[in-house]
Number of protein chains: 6
Amino acid sequence: MKKLIRGLGEFKNSYFSDHQDLFIELTQGQKPRVLFITCSDSRIVPNLITQAEVGELFIIRNAGNIIPPFGTANGGEGATVEYAIHSLGIEQIVVCGHSHCGAIKGLLKLNELHEEMPLMYNWLKHTEATRRLIKENYGHLQGEELLEIAIAENVLTQIENLKTYPVVHSRLYQGKLKIYGWIYKLTTGEVMAYDPNSHNYVQPQSQVSGDLPDLIPAPAACEISLAQVTPDASENGSK
Amino acid sequence: MKKLIRGLGEFKNSYFSDHQDLFIELTQGQKPRVLFITCSDSRIVPNLITQAEVGELFIIRNAGNIIPPFGTANGGEGATVEYAIHSLGIEQIVVCGHSHCGAIKGLLKLNELHEEMPLMYNWLKHTEATRRLIKENYGHLQGEELLEIAIAENVLTQIENLKTYPVVHSRLYQGKLKIYGWIYKLTTGEVMAYDPNSHNYVQPQSQVSGDLPDLIPAPAACEISLAQVTPDASENGSK
Amino acid sequence: MKKLIRGLGEFKNSYFSDHQDLFIELTQGQKPRVLFITCSDSRIVPNLITQAEVGELFIIRNAGNIIPPFGTANGGEGATVEYAIHSLGIEQIVVCGHSHCGAIKGLLKLNELHEEMPLMYNWLKHTEATRRLIKENYGHLQGEELLEIAIAENVLTQIENLKTYPVVHSRLYQGKLKIYGWIYKLTTGEVMAYDPNSHNYVQPQSQVSGDLPDLIPAPAACEISLAQVTPDASENGSK
Amino acid sequence: MKKLIRGLGEFKNSYFSDHQDLFIELTQGQKPRVLFITCSDSRIVPNLITQAEVGELFIIRNAGNIIPPFGTANGGEGATVEYAIHSLGIEQIVVCGHSHCGAIKGLLKLNELHEEMPLMYNWLKHTEATRRLIKENYGHLQGEELLEIAIAENVLTQIENLKTYPVVHSRLYQGKLKIYGWIYKLTTGEVMAYDPNSHNYVQPQSQVSGDLPDLIPAPAACEISLAQVTPDASENGSK
Amino acid sequence: MKKLIRGLGEFKNSYFSDHQDLFIELTQGQKPRVLFITCSDSRIVPNLITQAEVGELFIIRNAGNIIPPFGTANGGEGATVEYAIHSLGIEQIVVCGHSHCGAIKGLLKLNELHEEMPLMYNWLKHTEATRRLIKENYGHLQGEELLEIAIAENVLTQIENLKTYPVVHSRLYQGKLKIYGWIYKLTTGEVMAYDPNSHNYVQPQSQVSGDLPDLIPAPAACEISLAQVTPDASENGSK
Amino acid sequence: MKKLIRGLGEFKNSYFSDHQDLFIELTQGQKPRVLFITCSDSRIVPNLITQAEVGELFIIRNAGNIIPPFGTANGGEGATVEYAIHSLGIEQIVVCGHSHCGAIKGLLKLNELHEEMPLMYNWLKHTEATRRLIKENYGHLQGEELLEIAIAENVLTQIENLKTYPVVHSRLYQGKLKIYGWIYKLTTGEVMAYDPNSHNYVQPQSQVSGDLPDLIPAPAACEISLAQVTPDASENGSK
């Protein structure tokens, strides 16, 4: 703790002093461009791995980077997503899992948590969709390999869950929101990005050259309304 | 009630007698091929409008044909979906809304329900994603037109919600489950089907000639795992 | 699915065309006289077994025809009951169980569901009153016999649960609502009706000749108020 | 507080000393014969008004003597009822409301509580069935008169709610449990008891002479099972 | 029950008649000075052991004298605490556990309750903090000794929980509320009081002579605001 | 987004390469010493302001740095606290609020959030204790001043809430856990620390010289058990 407190002083005297203009500007209000959802793991430092400046990343962190479906949990996840989109106007969300994730290790031996970590047990139920998918489709794998798949799938489960939030649903419909799935690899320091076209995790750098693919390739809802369809429909129907 | 009780006798003596083979076979177990989710509205008779025989449709009915996201509600919807897929092995789900829907009318004037129908008020919160989408994108519409859009969007919201259920998530991944969105129109007796390619409701008959488009055009999750990606990834990464 | 889609066309061209007057009338609004609560089982077709016309039955269907007590579940059951009574003015409710019910089979081996069908496991907790009654009073039975008792008791549990809903409570008090308990038997095509006088399931036809017994023989609440009682009470008390 | 602490000493030195045999016996275990559910109101002293000895009454007290329906609330009410019946084998429950009840006064002006007493507001929702009954049937009353009716109806609502508990449901079926509804009147010191035959609150003393009427006049469930009915049924059905 | 009913008459004719002035005064409104939270156990009679008069103790009773943390349970505990403090202006709370407590015995063998007393099982989760503390720190104890520690710790857990209620939090801050922890010992008829200075249960009588120690020795929140601190802070900071 | 992706590459090629030893060591497992709970606000970068290295801070972030009381919310906060303490053995928790906090601004005008940000509205209910304290004690303040007090009090509310978690409760009892309250000031870049002795926020640097005061000055529970007290107690009692 003393080390941290010394750090506070160092920060104030060096970094803060050196960037005073930025910090003064930020007191007028934050304008982050990305909602970054990641694990509480101490080995992930979002601003460091993305080299983002102070003020650029609005961040949710919990064990396992989980976002329960809308209405499920009265925790901070949904509220913070809502705040990010509605109040701050954020248009990009990154769900960033990571290799060696302790929460996902827990998910793979869920029943062992019940006695000693009952809250983790309940929390991981929100990503039961990951657990079931893994159990029903990857029963032949184990160890590292199984863990990596589970980590990758867990990110995609959260993206599905995010899509059930009213504020997300409406902005996706408007084409004003994009959601990305990332995995940060502790061993190499690199990030893999989910590519919805190939259904694969690929190097995000390879996507920079051309246009970035949207994770949600098209509005999730009908562009032409039922009302407009009706005439044609009854026309066809009368044949 | 007397009319219904007379009906019971008529059914037993006529229809049941005439189809005794079918009914005897069905006592061995049901093998429905479709989970049909629709409104409680008395004007919808699923077996009649699809001309399905006894034993063909496993049916969930509630006000507004709503399926709350996984984990949200401890009502019968999720449990019945789970039973349909896990226990009965059903591979097709139809979410069937309908024109003139009283529940969706309620959704469009939600605050009026709070005092007199508090349970409906809470129930409709599960399709808040529909309400927000409508409010933020169709503020210029009203009356019939607004209602029709809301009904159409409500079906799509439920499809998003369905995808958060573990058992649905896993089967979609395996390509063993398809989800369809329908609207039954009371005025014409016809059904419109959501077409994910055109983001439009179209005549389902037009889709019969060729192959039926899946609502979920591809597995919702990565086919090639992160584990398999790793070699290539590090290869690229080493450049 | 193609069969169903063909069915849609057949319905529109034949049944709908033949009953166009009824369907046009129904677009003005539904006026169902009965709220019919039954299982999702594909072998139950409510309008068929009661020979009811389109527009006569407002229907709730879920696995096990369960209505959780008021306030318990934020699923669609309570909201739909509320809508039926408050908004549509329905004055009769039928809770219709059925023989061979898979949900009740599940209830009798509840612990086996925990791993594979966790949502069913939780859902069936709402009819724990049935399970406990069966376990504490029918431990000597098994197989078919046990199942039939459980199915019959499950219907009565739901009737108790219904009585906790504010809208039901108030209408019962006014004598404006009646609740019936039925069991549909797949083997014979007949329906047995609960008779509160004999505490028995009997043939509903036998009840048609005379007056139908109410399931709730008298208002559940005091007709003469405490306020009115007071004078007599203090009179007696002063002796 | 000092007065209470002095009271502790007085109790120990006088009452406890004088009844040491009873207290020593009670350390072997309690065997209360009645579960007494009443309001937290300081003007109700259950052991005093019933002249019951130490060890005779197992007591639940909360604002408004409310027992939410089974599964609704994860508060202590249901658990304590379960403990009383299952663990202590109690066979009689008294729900005892009282005149001048502040909680029921709150119920009659519920919306005023929302801001200042949000927990009371939510708690009283568990007796919404009382509020709706009163509102829909006693709109013409006000003041004292309205309050008295609401207090009387509130007791009956809790009795309905109690019947949804598995342990209550099963014991009622066995005829091993009776539930009584009382109102204690602060002005006269007397208690009125609900009489299910006359649907009225009457003097409990008037019931002592003969046999006490059960509040639940007959098992709530079928005595003769569906299984036993079947033969007759099919007999009748074959005609 | 007949004994109780006879008791009602005796009370009315003797005690009530003898104290009519007090009772008439109390119909004007209650002014209890203490919120007394204790177990449902029939061997505890709060007014008797404290020799408190009618009208002095506002009482919450449930199995285990448990007050779940704010927001946890929608049972009557929190609502009744809120009513006591906000509506009645009570400024003293006693949480009174007792030796031989059946609920705490249950807590020490929690898993055995799951099947037969599921509601107790869930209810005791609210005092899981007690169970974990006992398990992690008193593994070497058993029997009576273990039970006594658990009973004593359970009282302190509830005091922690009480402090999370908004109305408690605010009054503690104002110095207008005090919370005491007591244990009533069935074998000796005496009460031990928690002494926060010695972290010990002591004789409350020993505290009467001098000033009663507050359980909460100082406001739980900052007396001097951050706003006021700022000048000094920046002063120090500029050194 | 492209900027972030470029940042990923830069990080990998520079920082990660330069600190490869640390990162390789960290793949063996994290050993963070502090659980750092702060707001999602983009202007807070925990590792930057404390100058902590990768691997030192286990981090929870949500809107308002709120930790609901134990059992209240099934969000990630409690689970992550449990994981931090039980699984990682963390012995120090910092709750770090910050000036200009948008979530706390929302708390001060809570009712305005209901329509547009219903999830934030519900989320902020978990810190209702802060709101009530402010409303009842700082009604005379407004603007910046009011906001600063609310931010400071909100941190203390969360510390109270943390103490209700079983794992926290037990470790505090053992003296193996310390909880600190901090406020980060955007305008000056400095952190103020709550000092429980002076009930004030002070410069943490001023505390480094001597021993750091514990926020929890003594075990929250009795050191000497009731069991041990008994002999003395009965001794005293026998006088």
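Residues numbered from 1 in each chain as written. Chains lettered and ligands numbered in written order. Predicted model: local features only at pLDDT ≥ 70, side-chain atom pairs only at ≥ 80, totals over all residues.

1. Section: the overall build of chain A
Looking only at helices and strands, one finds twelve helices and six strands in chain A. Classification of the 239 residues of chain A by burial places 58% in the buried group. Relative to all contacts within chain A whose residues are 6 or more apart in sequence, the contacts with residues 24 or more apart total 64%. (Helix = DSSP H or I, 4+ residues; strand = E, 2+ residues; numbered from the N terminus. Buried ≥ 20, exposed ≤ 12 C-beta atoms within 10 Å, placed from the backbone. Contact = placed C-beta atoms within 7 Å.)

2. Side note on the interface of chain F and chain A
Tallying the contact residues gives 70 residues for chain F and 70 residues for chain A. At eleven residues, helix H1 (residues 2-18) of chain F tops the list of elements feeding residues into the side of chain F that touches chain A. Residues that form the side of chain F that touches chain A fall into these classes: 34 nonpolar, 25 polar and eleven charged. (Nonpolar A, V, L, I, M, F, W, Y, C, P; charged D, E, K, R; others polar.)

3. A few points about the environment of D:Gly97
Residues and elements named next belong to chain D. Topologically, glycine 97 is positioned in strand S3 (residues 92-98). Since 30 C-beta atoms lie within 10 Å of it, glycine 97 is described here as buried. Taking the C-alpha atoms as reference points, glycine 97 and glycine 64, 33 residues apart in sequence, are found 7.3 Å from one another.

4. Structural notes on the packing of helix H8 (residues 128-137) of chain E against helix H9 (residues 143-162) of chain E
All names here are of chain E. Relative to each other, H8 and H9 sit at 135°, their axes nearing to 9 Å. Relative to H9, the element H8 is oriented oblique. Crossing of H8 against H9: the hand is right-handed. Together, Ala129, Thr130, Leu133 and Ile134 of H8 and Ile149, Ala150, Glu153, Asn154 and Thr157 of H9 make up the contact between the two elements. (Axes fitted to C-alpha atoms, helices over the stretch in contact; angles between N-to-C directions. Parallel < 35°, antiparallel > 145°, perpendicular 65-115°, else oblique. Left-handed = near helix turned anticlockwise from the far one by under 90°.)

5. Considerations on the nonpolar core
The biggest cluster of nonpolar side chains holds 438 residues, and the ones touching the most others in it are A:Trp182, B:Trp182, C:Trp182, E:Trp182 and F:Trp182. Two domains share this core, each providing at least three of its residues, namely domain 1 (1-30) and domain 2 (31-237) of chain B. Residue contacts for A:Trp182: discarding those within four places in its chain leaves A:Val94, A:Val95, A:Cys96, A:Val191, A:Met192 and A:Ala193. (Core = buried A, V, L, I, M, F, W, Y, C linked by C-beta atoms within 7 Å. Domains from an automatic or database assignment.)

6. Notes on the relation of the copies chain F and chain A
Overlaying chain F with chain A gives an RMSD of 0.0 Å, the required rotation being 180° about an axis along which the chain moves by 0.0 Å. Here the copies are linked by what is in effect a two-fold axis. When each C-alpha of chain F is compared by its distance to the rotation axis, F:Gly75 comes out closest, at 1.8 Å. Comparing interface residues between copies, 100% of those in chain F also sit at the interface in chain A, which points to an isologous, same-surface contact. (Least-squares fit on C-alpha atoms with pLDDT ≥ 70 in both.)

7. As for the pairing of strand S3 (residues 92-98) of chain F
All names here are of chain F. In terms of residue burial, S3 counts as a mostly covered element, since six of its seven residues are buried. Note that strand S1 (residues 34-39) and S3 share four bridges and pair parallel. Note on S3: the bridge partner recorded for isoleucine 37 is valine 95. Pairing of S3 with strand S4 (residues 178-184), which is carried by seven bridges, proceeds in the parallel orientation. What sits directly across from glycine 97, in S4, is isoleucine 183. (Pairing = 2+ DSSP bridges.)

8. A look at helix H10 (residues 166-174) of chain B
Extensive coverage of H10(B) is indicated by the burial of eight of its nine residues. Residues of H10(B) that are buried: B:Pro166, B:Val167, B:Val168, B:His169, B:Ser170, B:Arg171, B:Leu172 and B:Tyr173. As for H10(B), its buried residues are in contact with helix H8 (128-137) and helix H9 (143-162) of chain A together with helix H4 (76-87) and helix H9 (143-162) of chain B. Of the residues flanking the end of H10(B), it is B:Gly175, one or two places downstream, whose phi is positive at about 75°.

9. Overview of unusual backbone geometry
One non-glycine residue, A:Gln51, lies in positive phi territory at about 55°. Positionally, A:Gln51 belongs in the loop between helix H3 (46-49) and strand S2 (57-62).

10. A look at the packing of helix H4 (residues 76-87) of chain F against helix H10 (residues 166-174) of chain F
Residues and elements named next belong to chain F. Contact geometry for H4 and H10: axes closest at 9 Å, N-to-C directions at 40°. If you check the angle between H4 and H10, you find them oblique. Crossing hand, H4 versus H10: left-handed. When H4 is examined against H10, the residues Val81, Glu82, Ile85 and His86 are found in contact with a partner set consisting of Val167, Val168 and Arg171.

11. Structural notes on the pairing of S4(F)
All names here are of chain F. Within S4, six of the seven residues are buried, leaving the element largely enclosed by the surrounding structure. Where S4 meets strand S5 (residues 191-195), three bridges bridge the pair, whose relative direction is antiparallel. Of the residues in S5, the one forming a bridge with tryptophan 182 is alanine 193. Hairpin connection from S4 to S5: six residues lie between these consecutive antiparallel strands, with glycine 189 at a positive phi of about 75°.

12. Description of the confidence of the model for chain A
Here chain A averages 89 in pLDDT, while 86% of its residues score no lower than 70. Both confidence scores are given for the complex: pTM 0.91, ipTM 0.90. (pLDDT = per-residue confidence, 0-100.)

13. Quick word on helix H8 (residues 128-137) of chain D
Counting buried residues in H8(D) gives seven out of ten residues, a clear majority hidden from the surface. Buried residues of H8(D): D:Glu128, D:Ala129, D:Thr130, D:Arg131, D:Arg132, D:Leu133 and D:Ile134, and no others. The secondary structure elements touched by the buried residues of H8(D) are helix H10 (166-173) of chain C together with helix H5 (102-108) and helix H9 (143-162) of chain D.

14. Structural notes on the environment of F:Gln158
All names here are of chain F. Among the structural elements, glutamine 158 can be located in helix H9 (residues 143-162). In the structure, glutamine 158 is positioned 92 residues away from isoleucine 66 in sequence and 6.0 Å away in space, judged by C-alpha atoms. The residues contacting glutamine 158, other than those within four sequence positions of it, are Asn65, Ile66, Ile67 and Val95.

15. Observations concerning the environment of F:Tyr194
Residue and element names in this part refer to chain F. Note on placement: tyrosine 194 falls in strand S5. According to the C-beta neighbour criterion, tyrosine 194 is buried, with 26 such atoms within 10 Å. Separated by 13 residues in the primary sequence, tyrosine 194 and glycine 181 have C-alpha atoms spaced 5.2 Å apart.

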